[in-house]
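Coordinates in review
Residue-level listing of the chains:
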Amino acid sequence: MIAQNRVGTGRSLKLAFSLLALGMLSACAASSGSGPKPMNVSTTARPAAAQAAPTQITPLGQRILVRVNEARGSTLSLSADLQKAAAGHAADMAARNFFSHINPEGQSPRERILAIDPNFKSKISENIATATFLPGTTMRDKADKFAHDWMNSPTHRRNIRNQRYTKTGLGVAQRGNETYVVQLFSE
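Description of the structure in this document. (Residues numbered from 1 in each chain as written. Predicted model: local features only at pLDDT ≥ 70, side-chain atom pairs only at ≥ 80, totals over all residues. Heavy atoms only, no water.)

**Focus on the side chain of Asn 159**
Tracing the backbone through its elements, the reader meets Asn 159 in helix H7 (residues 154-161). Judged by its relative accessible area of 12%, Asn 159 is buried. Looking at Asn 159, its side chain comes within polar contact range of the side chain of Ser 125, at 3.5 Å. If we ignore the near neighbours within four places in the chain, the residues touching Asn 159 are Arg 72, Ser 125, Glu 126, Asn 127, Tyr 165 and Phe 185. (Helix = DSSP H or I, 4+ residues; strand = E, 2+ residues; numbered from the N terminus. Buried < 20%, exposed > 50% of the residue type's maximum accessible area, 1.4 Å probe, protein only. Polar contact = N/O pair within 3.5 Å; in protein donor to acceptor, adjacent residues only side chain to side chain. Contact = heavy atoms within 4.5 Å.)

**Digging into empty space enclosed by the protein**
For the structure shown, the criterion picks out one cavity of 30 Å³ or more. In this structure, the largest cavity occupies an estimated 60 Å³ of space. Around the largest cavity, the lining residues are Arg 46, Pro 47, Ala 50, Lys 84, Ala 85, Gly 88, His 89, Asp 92, Asn 103, Gln 107, Arg 112 and Ile 116. Here the element with the most residues in the lining of the largest cavity is helix H4 (residues 80-96); it accounts for five residues. Its residues assigned to classes, the lining of the largest cavity comprises four nonpolar, four polar and four charged. (1 Å grid on protein atoms, 1.4 Å probe; cavity = no way out; pocket = protein on both sides within 12 Å on 5 of 7 lines; lining within 4 Å. Points joined across faces, edges and corners; volume = space filled by probe spheres on them. Nonpolar A, V, L, I, M, F, W, Y, C, P; charged D, E, K, R; others polar.)

**Regarding unusual backbone geometry**
Even without a glycine there, the phi angle at Asn 97 is positive, about 55°. Along the chain, Asn 97 falls in the loop between H4 and helix H5 (109-114).

**Overview of the environment of Thr 168**
With respect to the helices and strands, the residue Thr 168 is situated in strand S3 (residues 167-175). Not counting residues within four places of it along the chain, the set of residues in contact with Thr 168 comprises Leu 65, Leu 76, Ser 77, Leu 78, Ser 79, Leu 82, Gln 83, Gln 183, Leu 184 and Phe 185.

**A word on the pattern of salt bridges**
Under the counting rule described, the total for this entry stands at eight salt bridges. A salt bridge links Asp 149 to Lys 145; its shortest N-O distance comes to 2.6 Å. Of this pair, Asp 149 and Lys 145 both sit in helix H6 (residues 139-151), four residues apart, roughly one helical turn. By relative accessible area, which is 35% here, Lys 145 ends up partly exposed. (Salt bridge = Lys/Arg side-chain N within 4 Å of Asp/Glu carboxyl O.)

Shown next as structure tokens:
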């Protein structure tokens, strides 16, 4: 009976993935040509919470950065503009209770950095994370968790280990017991 369930489950999963792939292909085909135009995303304005965010790296951010630098085997230097953008996005996510690389206005990391430095031309990548901690959790334990989780994710690990990136900004914000972390990387 167990073997039949596994086979049935495997067939069901294959069917589900096939339907999902077909749906995605249909969506791609439908979106090419005429359709809704992308919304106009501002590269000059920043959300209020992002503007009000402190621009210095926090003590927790500093600890996470140490762990990230250890994991990559080289040191990222803090960039004032990347720090401002990362801290702003972390504060914005905490203030408005969302978790995404794209804010509610549609700004991606690129648009958020362009709102700070209109002449920014480098490649940019972003790692984000959130976790809820019990009161009394040490800063070291928090930093270890964020670094560990990023290193266990192929995409996040790729950003951390990319030696072309030499600059970073690392923002941290709180909402109750929930901690939001944003790390930007650039050349």
